[in-house]
Amino acid sequence: MIRGVLLDLAGVVYLGDHILPAAKSAVDGLRSTGLPLGFITNTTRTSKTGIIDRLARMGLDVSPDELVTPAEAARAWLARHKRSPHLLVHPALTADFQDLAEYRETAVVVGDAGRDFTYERLNAAFRALVAGADFLALAKNRTFRDADNELSLDAGAFVTALEYASGRQAILLGKPSPDFYAAAVARLGCDAADTVMVGDDVEADVSGARASCGDRCGAPGANRQVPPWRRGGRDTATDRGRGRPPDGSRLDRRASERPSPEPMNGRHDWPRDRRSELICGMRRTRHSTR
Ligand SMILES: [Mg+2]
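On a predicted model such as this, the values are computed, not experimentally measured, just so you know.

Reading the values: the criteria
- Residues numbered from 1 in each chain as written.
- Predicted model: local features only at pLDDT ≥ 70, side-chain atom pairs only at ≥ 80, totals over all residues.
- Helix = DSSP H or I, 4+ residues; strand = E, 2+ residues; numbered from the N terminus.
- Buried ≥ 20, exposed ≤ 12 C-beta atoms within 10 Å, placed from the backbone.
- Contact = placed C-beta atoms within 7 Å.
- Axes fitted to C-alpha atoms, helices over the stretch in contact; angles between N-to-C directions.
- Parallel < 35°, antiparallel > 145°, perpendicular 65-115°, else oblique.
- Left-handed = near helix turned anticlockwise from the far one by under 90°.
- Nonpolar A, V, L, I, M, F, W, Y, C, P; charged D, E, K, R; others polar.
- Pairing = 2+ DSSP bridges.
- Core = buried A, V, L, I, M, F, W, Y, C linked by C-beta atoms within 7 Å.
- Domains from an automatic or database assignment.

Attention now goes to the overall build of the chain. Looking only at helices and strands, one finds nine helices and 13 strands in the chain. For the chain, the residues scored as buried account for 44% of the 290 residues in total. Within the chain, residue pairs in contact and separated by at least 24 positions form 71% of the contacts whose partners lie at least 6 positions apart.

Okay, here's the thing in structure tokens:
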């Protein structure tokens, strides 16, 4: 029985600055059931407030308690281990690391810094690591679908470069970290086995959710389905060139014509085909997106 739902954001709710056609009605439908709903993202080019503002501009109101971000996990880690951050993140994310207590020891924190992944900043992080700083990765996504609909390097490529050079392994704080999923599920107030995760990334979303709650996790029609172009966790030759504009794929158009899920009495034991319909209608992209 489904008792809670987690939604990825980029590629599931929005693509770039556009909300996906079926997403608003699907989220509204989920809210109308009274099911606990949460949003879990690896996006690190924007602060939490920035993400909430972006969603509001798209017509979707999300409260801070509903949104779980890697930066929050990093703040908790730094406080728990008494470390000050050496930030290698996007300038827009630094707002999420303000007002932290200062400690003598440091931890290098790497997110998707975009154009700010300069040699100087990478080398400074490398030198901090070889000097003994702890090593935190907000995410290790390989690539993402950029605004021009082409793939771009994500934080994982730079985290891996630092791991290679320093001989250290980063502690992953975002998806697919089981701790990250556990924090998100805890906010829903239900068991992981009763939670559905909807995502578009086979590694961070699908594998991460399954690893966090085992084979019982979610609805069979939900987090276990991987679009053919994502199977194996890599692009296929046919993947390229099939990029669809954010104004709707064939799948989304069909989904937008479907009625929103209707409230049901008591617990929300939706028919399997209804659950699959909702989730497949929202999923359409093949890479992490912004
Ligand atoms: Mg995504």
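We now examine the packing of helix H4 (residues 119-130) against helix H5 (residues 155-166). Here H4 crosses H5 at 45°, and the two axes come no closer than 10 Å. As the angle between them shows, H4 and H5 are arranged oblique. Here the hand of the crossing between H4 and H5 comes out right-handed. Note on element contacts: H5 touches H4 through Phe158, Leu162, Ala165 and Ser166, opposite Leu122, Ala125, Phe126, Leu129 and Val130. Classifying every residue of the contact of H4 with H5 gives eight nonpolar, one polar and no charged.

Now for the pairing of strand S6 (residues 84-88). A large share of S6 lies buried, amounting to four of its five residues. Here five bridges tie S6 to strand S7 (residues 106-110), and the two strands are oriented parallel to one another. Paired with Leu88 across the bridge in S7 is Val110.

A few words now on the environment of Leu6. Among the structural elements, Leu6 can be located in strand S1 (residues 4-7). Taking the C-alpha atoms as reference, Leu6 lies 4.7 Å from Gly38; in sequence the two are 32 residues apart. Among all residues touching Leu6, those that are not within four sequence positions of it are Gly38, Ile40, Ala184, Thr195 and Met197.

Taken together, the four strands give an open sheet; going across it, the order is S5-S4-S1-S12, and neighbouring strands pair in parallel fashion. Every other strand in the sheet has two partners, leaving strand S5 (67-68) and strand S12 (195-198) as the edge strands with one partner each. In this structure, strand S4 (residues 37-40) lies alongside S5, joined through two bridges in parallel fashion. Within the sheet, the bridge partner assigned to Phe39 lies in S5 and is Leu67. The sheet contacts of helix H6 (residues 178-188) involve S1, S4, S5 and S12, and relative to S4 the element is tilted by about 160°.

The next point concerns the sheet that holds S7. Within the open sheet, the four strands sit side by side as S6-S7-S8-S11. Their pairing is parallel. Each of the sheet's edge strands pairs with one partner strand only, and the pair in question is S6 and strand S11 (171-172). Strand contacts of H4: S6, S7 and strand S8 (134-137), with the helix running at about 145° to S7, the strand carrying the most contacts. Lying over the sheet, H5 contacts S7 and S8, oriented at roughly 140° with respect to S7.

A separate point is the nonpolar core. One finds Val108, Val109, Val110, Leu136, Ala137 and Leu138 to be the most contacted residues of the largest nonpolar core, which totals 62 residues. Each of domain 1 (4-42 + 176-289) and domain 2 (70-172) gives at least three residues to this core. Leaving out residues up to four positions away in the same chain, Leu138 has contacts with Thr44, Pro70, Ala71, Ala74, Val109, Val110, Gly111, Ala155, Leu173 and Gly174.

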